[in-house]
Amino acid sequence: MIDTKIVKVDPDNIDYNIIQEAAEIINRGGVVVFPTETVYGIGADALNDEAVDKIFKAKGRPQDNPLIVHIADYSELYNLASDIPENVRILADEFWPGPLTMILNKKVVLSDKITAGLKTAAIRFPVNKIALALIRESGKPIAAPSANTSGKPSPTEAGHVIEDLMGKVDMIIDGGSTDIGLESTVVDMTGDVPMILRPGNVTQEDIAGVLGKCDYDPSIIKSDEKIIPKSPGQKYRHYSPKARVILYKGSIENIVERVNYDYNKFSSEGYRVGIMSTTQTEKYYTEKLKITVGDRTKLLTISSNLFKVLREFDHMDIDLILAEQVDERGLGKAIMNRLGKASSQTIILRKGDTPLKQG
């Protein structure tokens, strides 16, 4: 058991004494949790295999799940990656610093521990001020997956990290709630056409708008345990609360009707049921236990709250979470990707169905 130190840092008024202390932990091979604009990350020196091992141990993370390496200046990319195409610079000019991770051919300085034996590495330049300060002060690229127990919803507040990793890391930097709430977009830049391996806040439309083309990796559409993952989040079931999640797809009217029907059915069978509603639908779930995740017309409100709401249901000892589909365009693709991986069942509702016909 590690004596974890918890410190608060205001991103608009950073205490650099704390950042220096955190950087010293990184440089001596320790592990520090810090906020990014996406989720909280559990960080260690990316060039120190023993330190990287501590990340896998603390999270209970499979060794074949590669890590993202965080840098604080574009020029650092050339120390870690080779054969960097011009499209990388174009994307970096548009989206770095920010919630975009690029897969590139790696240099030997990055070991197999980081890349899960692959010849490619995932690299990101975050925009969060605390993250940048820590990377710069340490003088090292920092490997940092999400700071949660593997398989659980990613942490968007320091309290979530404390639930999962207290006593397993050296320091937790509390920088408040994260802005986006979903992990970064991961795009493979090693082929002729950029390929999104994990959707996020930087969308397919965004990347195609800059480069002309951008495709989705088939693993996003179809889950396959035989996949050799080039990116975190490709192979294993992720983002899952203790409760079983049922995801409903179809028209809003059909979803509301079926969710109400299933809520009553499961409740009568003795299950504790919760509904993940939206601003547009909460009024239709009268006298039912529900948490509103956000506004369908403002998808950032949903992405920033999604993992938080899943954890809130766990605190309420819910057995079943009934979750609604959102529009899969833009950021909605990332939200539905996370909901799909969190759910154990998806119910597709067709026009004209009734609950009994859907059954």
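Before reading on, note that the structure itself is shown above.
These numbers come from a predicted model, not from an experiment. (Residues numbered from 1 in each chain as written. Predicted model: local features only at pLDDT ≥ 70, side-chain atom pairs only at ≥ 80, totals over all residues. Heavy atoms only, no water.)

Engineer: Just give me the short version of unusual backbone geometry, but keep the residues and values in it.
Structural biologist: The omega torsion across Trp 96 and Pro 97 is -10 degrees, close enough to zero to call that bond cis. Inspection of the secondary structure assignment puts Pro 97 in the loop between α4 (86–95) and β6 (100–106). Here Ala 116, not a glycine, exhibits a phi torsion of approximately 55 degrees, which is positive. Among the secondary structure elements, Ala 116 is positioned in the loop between α5 (112–115) and β7 (120–124). Positive phi is not limited to glycine here, since Asp 317 has a value of about 55 degrees. Here Asp 317 lies in the loop between α11 (299–315) and β16 (320–324). (Helix = DSSP H or I, 4+ residues; strand = E, 2+ residues; numbered from the N terminus.)

Engineer: Can you explain the pattern of salt bridges? Please cite residues and give values.
Structural biologist: Overall, the coordinates contain 18 salt bridges when judged by the stated rule. A salt bridge links Arg 124 to Glu 37; the shortest N-O distance between them is 2.6 Å. With Arg 124 in strand β7 and Glu 37 in the loop between β2 (32–35) and β3 (40–45), this pair connects stretches of sequence that are 87 residues apart. Residue classification places Arg 124 among the buried positions, given a relative accessible area of 2%. For Glu 37, a relative accessible area of 4% gives the class buried. With a closest N to O distance of 2.8 Å, Glu 324 and Arg 296 form a salt bridge. Here Glu 324 is found in strand β16, whereas its partner Arg 296 is found in the loop between β15 (290–292) and α11, with 28 residues between them in sequence. Each of Lys 152, Glu 163, Asp 164 and Arg 311 takes part in one network of salt bridges that share partners. (Salt bridge = Lys/Arg side-chain N within 4 Å of Asp/Glu carboxyl O. Buried < 20%, exposed > 50% of the residue type's maximum accessible area, 1.4 Å probe, protein only.)

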